[in-house]
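# Remarks on the overall topology
What follows is the residue order along each chain.
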Amino acid sequence: MFRSYYGLSFNPFDKQAAREKDRFLSKDISEMLSRLDYLKDTRGIGLFTARPGMGKSFGLRCFAKGLNPNLYHMEYLCLSTVSVMEFYRQLCCVLGVEPKGGKPGMFQAIQEQILYLYQQKKQPLLLAVDEAQYLSTGILEDIKMLMNYGYDSLNCFTLILCGEPHLNNTLRKPVHEALRQRITVHYNFSGLSDSEVVQYVLHKISCAGGSASIIDQAALSSVHSHSQGNPRLVDNLMTNALTLGAQMEKKVIDTEVILASVSSQNLG
């Protein structure tokens, strides 16, 4: 209903409609992409932490989209378990190797496949592990061993760990000192700034063919104060505001509409 009312070709705040080529380059996404670009050739471990909804998974998608598949082999693993054996099975699955022989057999098969990609195919692996806050001590210890090639003299692949901020606390534990020393790049998302929220909303409206005039400046400022710079909350708030604005027959989204949206979502 609101799409035609506001002259939009699609809901610009629907994550399913988000296209990598139309990404808004916030400070967080720019910092993530520049670090990943450095990491892809130096190899080692990259650590990216953020509160839910800050856009780290979307940042990974943008990075993967820009990779040359002839030069790099990227795989994505989203954790849904803390079991060491399940982790190995998932890793075997994404690498295309048989998950057999128990942990020792899978460990060897994984290492051999990674080495094959690096030495024979000349397409070093970039493995992105999302929701990495669920990694147990056992898995983290095994990751350290997986990265040990040539008496620890060779970096065969890049590991990208993405998770919520308490992942930082986990990695600070003394038991993970050796793994922590392998972290080449580290970035904590800070969220959209006040000015970035304004640019983000207007950019998304523009991508859907809409005009900046459908929302006023005071409403844009209100969006930031109620979303705390979290892109997912901005998207939810704006989707609701557009829906309510059309129902209220408001040609321009103002603070009244934003406050009504906040109230209906119980964000305030």
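Look a little higher up for the structure.
What this report covers is the structure whose coordinates are included nearby. (Residues numbered from 1 in each chain as written. Predicted model: local features only at pLDDT ≥ 70, side-chain atom pairs only at ≥ 80, totals over all residues. Heavy atoms only, no water.)

### Let's talk about the overall build of the protein chain
Helix and strand content of the protein chain: 12 helices and five strands. Looking at the protein chain alone, contacts between residues at least 24 apart form 74% of all its contacts between residues at least 6 apart. Just so you have it, the protein chain exposes about 12800 Å², and 51% of that area is on carbon and sulfur atoms. Mean positive and mean negative side-chain charge positions of the protein chain (27 and 25 charges, respectively) differ by 4 Å. (Helix = DSSP H or I, 4+ residues; strand = E, 2+ residues; numbered from the N terminus. Contact = heavy atoms within 4.5 Å. Areas by Shrake-Rupley, 256 points an atom, 1.4 Å probe, with all protein chains shown as cover. Lys, Arg positive; Asp, Glu negative; His and termini not counted. Charge placed at Lys NZ, Arg CZ, Asp CG, Glu CD.)

### Topic: helix 9 (residues 194–207)
Counted at 1.5 Å a residue, the expected span for helix 9 with its 14 residues is 20 Å, and the 20 Å between its end C-alpha atoms agrees. Burial in helix 9 covers these residues: Glu-196, Val-197, Val-198, Tyr-200, Val-201, Lys-204 and Ile-205. Looking at the buried side of helix 9, the elements it contacts are helix 2 (27–42), helix 10 (217–227) and helix 11 (231–247). Immediately beyond the C-terminal end of helix 9, within one or two residues, lies Gly-209, with a positive phi of roughly 85°. (Expected span 1.5 Å × (residues − 1). Buried < 20%, exposed > 50% of the residue type's maximum accessible area, 1.4 Å probe, protein only.)

### Quick notes on the environment of Asn-236
Along the chain, Asn-236 falls in helix 11. The class of Asn-236 is partly exposed, set by a relative accessible area of 37%. Sequence separation between Asn-236 and Ser-264 is 28 residues; the distance between their C-alpha atoms is 11 Å.

### Focus: unusual backbone geometry
Even without glycine at this site, Glu-131 takes up a positive phi of about 55°. Among the secondary structure elements, Glu-131 is positioned in the loop between strand 3 (125–130) and helix 6 (137–146). A positive phi is found at Glu-249, a non-glycine position, where the angle reads about 60°. One can find Glu-249 in the loop between helix 11 and helix 12 (255–265).

### Considering helix 11
Along its 17 residues, helix 11 runs 24 Å from first to last C-alpha, staying within 8% of the 24 Å computed at 1.5 Å per residue. The N-cap of helix 11, judged by a side-chain oxygen 3.0 Å from the amide nitrogen of Arg-232 a few residues on, is Asn-230. Where helix 11 terminates, the next one or two residues include Glu-249, which has phi positive at roughly 60°. (Polar contact = N/O pair within 3.5 Å; in protein donor to acceptor, adjacent residues only side chain to side chain.)

### Points about the sheet that holds strand 1 (residues 44–49)
Strand order in this open sheet of five strands is 2-3-4-1-5, and the pairing throughout is parallel. Strand pairing shows two members of the sheet lacking a second neighbour, strand 2 (73–78) and strand 5 (183–188), which therefore form its edges. Adjacent strand axes in the sheet meet at a mean angle of 15° when their direction is disregarded. (Pairing = 2+ DSSP bridges. Axes fitted to C-alpha atoms, helices over the stretch in contact; angles between N-to-C directions.)

### Describing the side chain of Ser-261
Following the sequence through the fold, Ser-261 ends up in helix 12. Beyond its immediate stretch of four places on either side in the chain, Ser-261 contacts Leu-237, Asn-240, Ala-241 and Leu-244.

### Describing the pattern of salt bridges
Summed over the entire model, instances satisfying the criterion amount to 13 salt bridges. One salt bridge connects Lys-103 with Asp-142, and the closest N-O pair in it is separated by 3.0 Å. Here Lys-103 is found in helix 5 (residues 102–119), whereas its partner Asp-142 is found in helix 6, with 39 residues between them in sequence. On the basis of relative accessible area, Lys-103 is assigned to the partly exposed category, the value being 33%. (Salt bridge = Lys/Arg side-chain N within 4 Å of Asp/Glu carboxyl O.)

### Points about the packing of aromatic side chains
Taken as a whole, this structure holds five aromatic pairs when the rule is applied. Pairing Phe-87 with Tyr-88 gives two aromatic rings, centres 6.3 Å apart and planes at 80°, and the pair type is edge-to-face. Exposure class is identical for Phe-87 and Tyr-88. Each is buried. Grouping aromatic residues by their ring pairs yields a cluster made of Phe-87, Tyr-88 and Phe-107. (Phe/Tyr/Trp six-rings, centres within 6.5 Å; stacked < 30°, edge-to-face > 60°.)

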